Structure formats: structure tokens, C-alpha cells
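Coordinates in review
Chain by chain, the residues run as shown.
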Amino acid sequence: ISCVGELGEKAECAIRFLIELSKYLKQRGHPVKAIELVGGSLISGIWEALEDSEGHDKKTYVANRTDSGAAVKRLCDRLERLGHEAEAVPVALALELEPGPLYCFGGPVALSRFCSNRQLSGPVGLNLDVAHWALLSKIDPAELTPQDILRIRHAHISDSSNGHFSDTLPNTCHQSYE
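Residues numbered from 1 in each chain as written. Predicted model: local features only at pLDDT ≥ 70, side-chain atom pairs only at ≥ 80, totals over all residues. Heavy atoms only, no water.

**Remarks on the packing of helix 1 (residues 5–27) against helix 2 (residues 68–88)**
In plain terms, the rule: To get an axis, fit a line to the C-alpha atoms, keeping to the stretch in contact for a helix; angles then go from 0 to 180 degrees between the N-to-C directions. The way it works is that DSSP assigns letters per residue, a run of H or I at least four long becomes a helix, a run of E at least two long becomes a strand, and they are numbered from the N terminus. Angles below 35 degrees are treated as roughly parallel, those above 145 as roughly antiparallel, those between 65 and 115 as roughly perpendicular, and all remaining angles as oblique. Working rule for handedness: look at the near helix, and if it is turned counterclockwise from the far one by less than a right angle, call the crossing left-handed; if clockwise, right-handed. Contacts between residues were defined by any pair of non-hydrogen atoms, one from each residue, lying within 4.5 Å. Put simply, Ala, Val, Leu, Ile, Met, Phe, Trp, Tyr, Cys and Pro go in the nonpolar bin, Asp, Glu, Lys and Arg in the charged bin, and everything else, Gly too, in the polar bin.
For the pair helix 1 and helix 2, the least separation of the axes is 10 Å and the interaxial angle reads 20°. Between helix 1 and helix 2, the interaxial angle falls into the category roughly parallel. For the element pair helix 1 and helix 2, the recorded crossing hand is right-handed. Contacts from G5, G8, E9, E12, I15, R16 and I19 of helix 1 reach helix 2 at R78, R81, L82, E85 and A86. Of the residues in the contact of helix 1 with helix 2, the class split is four nonpolar, two polar and six charged.

**Quick look at the pattern of salt bridges**
Stated formally: Whenever a carboxyl oxygen of Asp or Glu lies within 4 Å of a side-chain nitrogen of Lys or Arg, that contact is scored as a salt bridge.
Scanning the entire structure with this criterion turns up six salt bridges. Where E6 meets K10, a salt bridge forms, and the shortest distance between an N and an O atom there is 3.2 Å. Taken together, the positions of E6 and K10, both in helix 1 and four residues apart, correspond to about one turn of that helix. Put simply, R81 and E12 hold a salt bridge, and the shortest N to O gap is 2.9 Å. Of this pair, R81 sits in helix 2 while E12 sits in helix 1; the two residues are 69 residues apart in sequence, bridging distant segments of the chain. Connected via shared salt-bridge partners are E12, R16, R78, R81 and E85.

**Things to note about the nonpolar core**
Across soluble globular proteins, you tend to see nonpolar side chains buried next to one another. To be explicit about the condition: What is meant by a nonpolar core is a set of buried Ala, Val, Leu, Ile, Met, Phe, Trp, Tyr and Cys residues, joined one to another through side-chain atoms within 4.5 Å. A simple rule labels every residue: compare its accessible area, found with a 1.4 Å probe on the protein chains alone, to the largest value its type can have, and call it buried under 20%, exposed over 50%, or partly exposed in between.
Ranked by internal contacts, the top residues of the largest apolar core, which has 31 residues, are L79, L93, F105, L111 and F114. Those elements giving two or more residues to this core turn out to be helix 1, strand 1 (34–38), helix 2, strand 4 (92–96), helix 3 (108–115) and strand 5 (124–129). The contacts of L111, once residues within four sequence positions are left out, are L97, F105, L126, W133, I139 and L144.

**Some thoughts on the environment of S44**
Within the secondary structure layout, S44 lies in strand 2 (residues 43–48). Note: C-alpha distance between S44 and V4 (40 residues apart in sequence) is 7.1 Å. When sequence neighbours within four positions are dropped, the list of residues in contact with S44 reads N64, R65 and T66.

**Observations concerning unusual backbone geometry**
Note that the residue after V89, namely P90, is joined by a cis bond; omega there is -15°. Looking at where P90 falls in the secondary structure, it is placed in the loop between helix 2 and strand 4.

**Section: a nonpolar patch on the surface**
Quick reminder of the rule: Within this analysis, patches are made of residues with over 30% relative accessible area and no salt bridge. Like charges are joined at 9 Å or less; nonpolar side chains (Val, Leu, Ile, Met, Phe, Trp, Tyr) at 5 Å or less. The Shrake-Rupley method, run with a 1.4 Å probe, gives the accessible areas here. Residue values count only the displayed protein chains as cover.
Together, F17, L18, L21 and Y24 give the surface a local cluster of nonpolar side chains, amounting to about 370 Å² of exposed area. Counting through the fold element by element, L21 comes out in helix 1.

**Comments concerning the side chain of E96**
The line we're drawing: In protein, a polar contact means a hydrogen-donor-capable atom and an acceptor-capable atom, both N or O and within 3.5 Å, with residues adjacent in sequence counting only if both atoms are side-chain atoms; elsewhere, any N or O pair within 3.5 Å suffices.
The residue E96 is located in strand 4 in this model. Within polar-contact distance, the side chain of E96 engages the side chain of N127 at 3.0 Å. Separated by 3.2 Å, the side chains of E96 and H132 make a polar contact. Aside from chain neighbours lying at most four places away, what touches E96 is E36, L37, V38, G39, F105, N127, D129, H132 and H156.

**Regarding the confidence of the model for the chain**
Cut-off, in case you're wondering: Along the chain, pLDDT gives the predictor's confidence residue by residue, from 0 to 100.
This prediction gives the chain a mean pLDDT of 81; 84% of its residues lie at or above 70. Below a pLDDT of 50 lies the segment residues 173–178, which in the model reaches one contact outside its immediate sequence neighbourhood of four places, other chains included.

Following this line, the structure appears as C-alpha cells:
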């Protein structure tokens, strides 16, 4: 969704499809509440290198990275448009922070930038992936503002070996574990 040109447009169409699918499912009694979106890619193209890399018997590929500020802006612009459509269903668009050098939404700076964007409201918010936030990105929950916390639309935790095992919306778990 952060990609330039046709790739970004295709991503936007795919999310529109998921919004329509959510509407269809809700009309049939399914309790769908959120669509998880992976933090925008910084990759703007991949191409095969002209020569095989030295010492390797496999082909070498090169990935072009785009500017993270421009990618975050494209991401937010598209989410703003899609947010209006999601609000009508209603279904949340929950952007998941993806740590690492391949994503524009991968750390505390991007999180702060996203949360301070006043254009994004309503159903557009964050997916709180505990492992990505706390373990990989070193985000300290004590440093989150109340406005940041209010942006959380969905959360999940992972057991790290078997994938996701617990998806939930904020304020929907009422069981006490004391």
C-alpha cells in the first residue's frame, strides 16, 4: 500500500476487496471487526543483477529501497481514503508495525509519525503485535501517549513457534487472570 504507481494501486484495490468482503460477512452474521495490514514496504523494485555474485552459485538480486518518509506519506494518504470506506461497514483497518529495513512502518519514529497524523481517524489505527512492538522494536509502553493508545484497533500475540494464537480487540477481554 506504500508502493508507487501500479503496485500501490493494486494494494489499494486488494484492501477495498477485503473491506467489501467484511461487509458481506457481517451481513451474514460474522463478527469481523478488523483487517490487519502489514506495515508498508520500502521496496520499490527487485531486479536480477547482471552477473552472478562472486563465490555463490545462485543468482544475485538487487532490491531498490524508497525513501521512508515518502513511503509513510503514501501509506497514510491511501489509508485516509480507505478509512472512509471501512467506516461505512464498519470495520477497522489495523496497521501492524513490521520491524526491519524492508518496511516504512517499523519502529518508534514511524509509530509516532503515524499516530500524530490528524488525517487518519475513525477505523484507521494500529494492530498491536506484542512481539513486534516490545521485543523487536523496543517500544516502551510507558512512552506511549494516550492518543497513541487510542489508535490501537486490534491486537494479537504470538507464541513465536506456531504463529498467532490469540487475536482480540481492545477492551473485549473481560476475564480476570488473578
